[in-house]
Amino acid sequence: NLGYEAFAPPAGDSPAVARNNHGGVWVQQRARPRRNRKSAGVRAMVRENIVTPANFIYPLFIHDEDHNTDIPSMPGCQRHSSESMLNEIGEALDLGVKAFVLFPKVADDKKTNLACEAYNPEGIVHRSIRMIKEKYPDAIVCTDVALDPYSDQGHDGVVENGVILNDVTINQLCKQAVSQARAGADIVAPSDMQDGRVKAIRDALDSEGFTNVSILSYTAKYASAYYGPFRDALDSHPGFGDKKTYQQDPANGREALIEAALDAQEGADMLMVKPGMPYLDIIRRLKDNSDLPIAAYHVSGEYAMLKAAVEKGWLDEKDVVLETLTCFKRAGADIILTYYAKQAAQWMKEDGLY
C-alpha cells in the first residue's frame, strides 16, 4: 500500500501498455534492440568496432641522458634514456604493440634556425633508430619529420622576419626524411603542415631508393590548445607567436578535405588527424572521403586531462581509456597514436580481448 493512487498503464479504455498471454505487462513491439545487448557474449558477437594493440603507434620521448626524466604535465610518461627506450619497446612488443614513433628532446646548443641537427646521422633520433632495428628488427619505427625540436625559434619551419618559410622549410624536411630512412625508419611522418611537403618528401625518398619507406602525413593538424604537455616534454614551445599560419583553424572542417586530397595526390600512404577526441568529426570526414588508412593522434592534452581526472578519483582509468580508444575506431581511425598504448595493451590482454 503506497498511501497514494498511482497511474495504472494497462488500465482504462486507452491503455499505455497491454497484457500478454500470461498477464504480464507488454509493450507491443517486435523490434527490441536490447536483445543484441542482453549478455556479454551477444554484445561481443555483434560488436562493430574492436581495437587491438596492432592498431596502436606508441609515442616515446627520448633524450641524450643515462637516466629517465619524468614529465610533470604527462603523469606516467618520461623522457627515456637509450636503454630505457629499448626496454619499453621490448615490453610493448610482448603485449602486441608493433609500431613506435620517436620524439627527441634536443639540447639547446644544438638548436638553430635551419635546424641542421634534424638530419645529423649521429643525432639522437638516428642513433635510436639503428639501436631499435638492431635489437628488434620487426618493430615498426616511425619518425617525426618537423623542425621544431631542433629549432631555436620553436617553430616547425625556418623563420625569416617572423615568417615561417614554406619552401625553404621543405628543403630541410627532405634532408631530414632521407637521413631518417638511411638510419632505418620504416615510416616518416611529416607534422610540419607546410604546403607541398608530401610530394617533395616522396620524391626525395624515391630518388634515394627508399621507395618502401611509407609516409604517414599529418594531414589535418590543427592549431590546437591541446599540445601544451607535449611541448613541455620536448621543450619546444614556440619562441614567438603561434602556429596558426600553417596549422589548421579549429573552426574549419571542410579544409581538412582539401589537405587530404592534396596529400593523397602527393603520395601519402596514411593520413592523420591531430588532435583526436575533439576532432572525431574530422576523422569521419576523412574516412568517408579517402581510401587511405586514417590515423588519429590521442594527444598530450587529452592524455593529461584523463590522468588529472583519474588522480582526482573522478574517472575509472581503464574504462575511460578503453572507451576513448574505441571511439577513435568507431569514428573511422585505423591507426591510433596514444601514450596509453602499452597500458591499454596490458588491459586488453588481462581481459582476454586478444
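Enquirer: Explain the overall build of the protein to me, please; I cannot follow it from the model alone.
Expert: When helices and strands are tallied, the protein shows eleven helices and 14 strands. Projected onto its principal axes, the C-alpha positions of the protein cover 85 × 40 × 40 Å. The buried share of the protein, taken over its 354 residues, is 50%. Partitioning the intrachain contacts of the protein with sequence separation of at least 6 by distance along the chain shows that 73% fall at a separation of at least 24. Accessible surface, the protein: about 17,200 Å² in total, of which carbon and sulfur atoms supply 49%.

Enquirer: What is the right way to read the pattern of salt bridges from this model?
Expert: Pairing is possible between side chains that carry opposite charge, provided their charged atoms lie close to one another. This model, assessed by the stated rule, comprises 19 salt bridges. For Asp108, the salt bridge identified is with Lys111, shortest N-O distance 3.5 Å. With a relative accessible area of 53%, Asp108 lands in the exposed category. Lys111 sits in the buried class, given a relative accessible area of 11%. Residue Arg197 pairs with Asp192 through a salt bridge whose shortest N-O separation is 3.1 Å. A network of salt bridges, in which partner residues are shared, links Asp148, Asp156, Lys221 and Lys243.

Enquirer: Help me out: how do you make sense of the packing of aromatic side chains in this one?
Expert: Centre-to-centre distance and the angle between the planes together describe a pair of aromatic rings. Applying the stated criterion to the full structure yields ten aromatic pairs. Relative to Tyr339, the ring of Tyr297 has its centre 6.0 Å away and its plane inclined at 45°; by these criteria the two rings are tilted. On the criterion of sequence distance, the pair formed by Tyr297 in strand β13 (residues 294–298) and Tyr339 in the loop between β14 (335–338) and α11 (341–350) is long-range, its members being 42 residues apart. The same class applies to Tyr297 as to Tyr339, namely buried. The ring centre of Tyr227 lies 4.8 Å from the NZ or CZ of Lys274, which sits over that ring. The residue whose ring lies beneath Lys274 is Phe230, and the NZ or CZ to ring-centre distance is 5.1 Å.

Thresholds, definitions, all that
Residues numbered from 1 in each chain as written. Predicted model: local features only at pLDDT ≥ 70, side-chain atom pairs only at ≥ 80, totals over all residues. Heavy atoms only, no water. Helix = DSSP H or I, 4+ residues; strand = E, 2+ residues; numbered from the N terminus. Buried < 20%, exposed > 50% of the residue type's maximum accessible area, 1.4 Å probe, protein only. Contact = heavy atoms within 4.5 Å. Areas by Shrake-Rupley, 256 points an atom, 1.4 Å probe, with all protein chains shown as cover. Salt bridge = Lys/Arg side-chain N within 4 Å of Asp/Glu carboxyl O. Phe/Tyr/Trp six-rings, centres within 6.5 Å; stacked < 30°, edge-to-face > 60°. Lys NZ or Arg CZ within 6 Å of the ring centre and 35° of its normal.

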